[in-house]
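An overview of the molecular structure
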Protein chains: 2
Amino acid sequence: VPKIVDHETRRQELAGAVWRVIRRDGLDGASVRAVAREAGWSPSALRHYFPSQSELLAAAIGEVTARVDARMGDFRTRASADVESVLHELLPLDDERRAENEVWLAFSARAMVDPDLRTLHREVDAALHRVCEWAVAEITEISGKATKDFNGSVEADRLHALMDGLALHAALDAEYTEERLKKTLSEHLRSLTL
Amino acid sequence: VPKIVDHETRRQELAGAVWRVIRRDGLDGASVRAVAREAGWSPSALRHYFPSQSELLAAAIGEVTARVDARMGDFRTRASADVESVLHELLPLDDERRAENEVWLAFSARAMVDPDLRTLHREVDAALHRVCEWAVAEITEISGKATKDFNGSVEADRLHALMDGLALHAALDAEYTEERLKKTLSEHLRSLTL
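Described below are features of the structure shown in this document. (Residues numbered from 1 in each chain as written. Chains lettered and ligands numbered in written order. Predicted model: local features only at pLDDT ≥ 70, side-chain atom pairs only at ≥ 80, totals over all residues. Heavy atoms only, no water.)

Digging into the overall build of chain A
- Tallying secondary structure elements over chain A gives 9 helices and 0 strands in all.
- If you list the helices and strands of chain A from N to C, you get α-α-α-α-α-α-α-α-α.
- Judged by the C-alpha coordinates and their principal axes, chain A covers about 65 × 40 × 30 Å.
- Here chain A, with 194 residues, has 50% of them falling under the buried criterion.
- Long-range pairs, those at least 24 residues apart, make up 65% of the contacts in chain A between residues at least 6 apart in sequence. (Helix = DSSP H or I, 4+ residues; strand = E, 2+ residues; numbered from the N terminus. Buried < 20%, exposed > 50% of the residue type's maximum accessible area, 1.4 Å probe, protein only. Contact = heavy atoms within 4.5 Å.)

What about the packing of aromatic side chains?
- Applying the stated criterion to the full structure yields 6 aromatic pairs over all chains.
- One residue, Arg-180 of chain A, lies across the ring of Tyr-176 of chain A, its end atom 3.9 Å from the ring centre. (Phe/Tyr/Trp six-rings, centres within 6.5 Å; stacked < 30°, edge-to-face > 60°. Lys NZ or Arg CZ within 6 Å of the ring centre and 35° of its normal.)

A short note on the pattern of salt bridges
- Per the stated rule, a full pass over the model turns up 36 salt bridges over all chains.
- Across the pair Arg-98 of chain B and Asp-95 of chain B runs a salt bridge whose closest N-O atoms are separated by 3.0 Å. Residue Arg-98 of chain B and its partner Asp-95 of chain B are both found in helix α6 (residues 95-113); the two are separated by 3 residues, about one turn of the helix.
- Residue class for Arg-98 of chain B comes out partly exposed when judged on its relative accessible area of 35%.
- Note on Asp-95 of chain B: relative accessible area 52%, which makes it exposed.
- Counted as one network, the salt bridges with shared partners bring together Glu-63, Arg-67, Arg-71, Glu-89, Glu-96 and Glu-100 of chain A. (Salt bridge = Lys/Arg side-chain N within 4 Å of Asp/Glu carboxyl O.)

Let's talk about the packing of helix α4 (residues 53-72) of chain A against helix α6 (residues 95-113) of chain A
All names here are of chain A.
- Remark: α4 packs on α6, axes separated minimally by 10 Å, with the N-to-C direction vectors making an angle of 140°. Taken together, the axes of α4 and α6 lie oblique to each other. The two elements α4 and α6 cross, and the hand of that crossing is left-handed. Residues Gln-53, Leu-57, Ala-58, Ala-60, Ile-61, Val-64, Arg-67, Val-68 and Arg-71 of α4 pack against Glu-96, Arg-97, Glu-100, Val-103, Trp-104, Phe-107 and Arg-110 of α6. (Axes fitted to C-alpha atoms, helices over the stretch in contact; angles between N-to-C directions. Parallel < 35°, antiparallel > 145°, perpendicular 65-115°, else oblique. Left-handed = near helix turned anticlockwise from the far one by under 90°.)

Examining the interface of chain A and chain B
- The partner chain B presents 40 residues to the 40 residues of chain A that form the contact.
- When chain A packs against chain B, the two sides together hide about 3300 Å² of surface, and 61% of this comes from carbon and sulfur.
- Joining chain A to chain B, the criterion identifies 4 salt bridges.
- Viewed at the interface, chain B and chain A are joined by 10 residue pairs in polar contact (both at pLDDT 80 or more).
- Of all elements in the fold, only α6, α7 (115-143), α8 (152-172) and α9 (178-192) of chain A reach the threshold of two or more residues within the side of chain A that touches chain B. (Buried area = accessible area lost by both parts, 1.4 Å probe. Polar contact = N/O pair within 3.5 Å; in protein donor to acceptor, adjacent residues only side chain to side chain.)

Description of the relation of the copies chain A and chain B
- In the superposition of chain A on chain B (RMSD 0.0 Å, axial shift 0.0 Å), the rotation amounts to 180°. As the rotation angle and translation indicate, the two copies are arranged about a two-fold axis. (Least-squares fit on C-alpha atoms with pLDDT ≥ 70 in both.)

What about α9 of chain A?
- Helix length check: α9 of chain A, at 15 residues, gives a terminal C-alpha distance of 22 Å against a target of 21 Å (1.5 Å per residue), a fit within 8%.
- Taken together, the buried positions of α9 of chain A are occupied by Leu-181, Thr-184, Leu-185, Glu-187, His-188, Leu-189, Ser-191 and Leu-192 of chain A.
- Next to the buried residues of α9 of chain A lie α5 (83-88), α7 and α8 of chain A together with α8 (152-172) of chain B. (Expected span 1.5 Å × (residues − 1).)

Re the side chain of Arg-110 of chain A
- Examined against the element boundaries, Arg-110 of chain A turns out to sit in helix α6.
- The class of Arg-110 of chain A is buried, set by a relative accessible area of 13%.
- Polar side-chain contacts of Arg-110 of chain A include one of 2.9 Å to the side chain of Gln-53 of chain A.
- Among all residues touching Arg-110 of chain A, those that are not within four sequence positions of it are Leu-27, Asp-28, Gln-53, Leu-57 and Leu-117 of chain A together with Asp-28 of chain B.

Some thoughts on the environment of Trp-41 of chain B
Residues and elements named next belong to chain B.
- Looking at the element boundaries, Trp-41 is found in the loop between α2 (32-39) and α3 (43-49).
- Here the alpha-carbon distance between Trp-41 and Ser-191, two residues 150 residues apart in the chain, equals 52 Å.
- Other than its neighbours up to four places away in sequence, Trp-41 contacts Arg-10, Leu-14, Ala-36, Leu-46 and Tyr-49.

As for the state of the cysteines
- Tallied over the full model, the rule gives 0 disulfides over all chains.
- Note on Cys-132 of chain A: no disulfide assigned, nearest cysteine sulfur contributed by Cys-132 of chain B at a separation of 19 Å. (Disulfide = S-S within 2.5 Å.)

Overview of the packing of α4 of chain A against α7 of chain A
All names here are of chain A.
- At a minimum axis separation of 10 Å, α4 and α7 run at an interaxial angle of 15°. Classified by the angle between their axes, α4 and α7 sit roughly parallel to one another. Seen from above, α4 lies across α7 with left-handed handedness. Here Ser-54, Leu-57, Ala-58, Ile-61, Thr-65 and Met-72 of α4 come into contact with α7, specifically with Asp-116, Leu-117, Leu-120, Val-124 and Val-131.
- Tallied by class, residues from the contact of α4 with α7 come to 8 nonpolar, 2 polar and 1 charged. (Nonpolar A, V, L, I, M, F, W, Y, C, P; charged D, E, K, R; others polar.)

All quantities given are derived from atomic positions and should not be read as evidence of function.
Printed below as a string of structure tokens:
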């Protein structure tokens, strides 16, 4: 009986190996060779799944989005009171989220100079933007502010920029503690209701 | 007469070459070899000034901060009415500032995995944070809000995160136009006075 290769399962296994290498050695360490070693594959077998380092990074980002999705569930069905905790899933508040954040930022930096990664970056970023749009809409619906002098599109941009800026600072400065990140987000959300 | 080598002038010349290579080929292209070629030096002569790629990047960041400083002047002496235009110097609103932004983000990503760059990153980031602290203090002084329910330290974190988040989005998404960046910042500053 010929062995049936489950392509998708292999891809996921390999994405897990990419993830472990990036966490351990940083993005620069995630060469096809290093990931092959981690997975116990030959580099040439690995290239069958990921022909280039760009595709390795794309797989790592797939891993990040799968993790975030699994934690958040369908945020659109969440209660307005949950807005803050949904947004917490996107901030580096524990080791898992810190690793996701570092991979995301490294991927973003690479996407600036690698057109192959730009489209995927845009897609993930658009998904994050939709979470921010939802959050702003929910909060202002509670506060009734949406009917007043309020621009939802600008507010979504503002929240999204705040989230990514906090994530960037947290990745580089240990003084951005979990408490400080939460406090800053919390004040921002509160200001939307004033 | 022995030739007097003006070390500092040479360093500045070389920093200019680093800057040009990064703008043209991205950070990954800024090897010691490539910068030597750009400057018309031998790689070994270049290594006398910049022994490693980390030192090249540090020089590029020195170039960015010198440019920003030259444009901003001493922001502390600026009038409160100038707060927004001072902050504009830090956003990627034209080609020069876009290049500075890309170098800064690439440097930030590298600093995540390169301890040699972390200290310099921290210093520059602290300087940016002081600009945000000044901006928040000036604005709230005008509005008289500082005396009320207002936390200057949280507001500086919020403004700083917003600025860096906007810069990150602008570097990766052409839909973040100059107008959109200015509008978002402007709304944020306005919200501080309400």
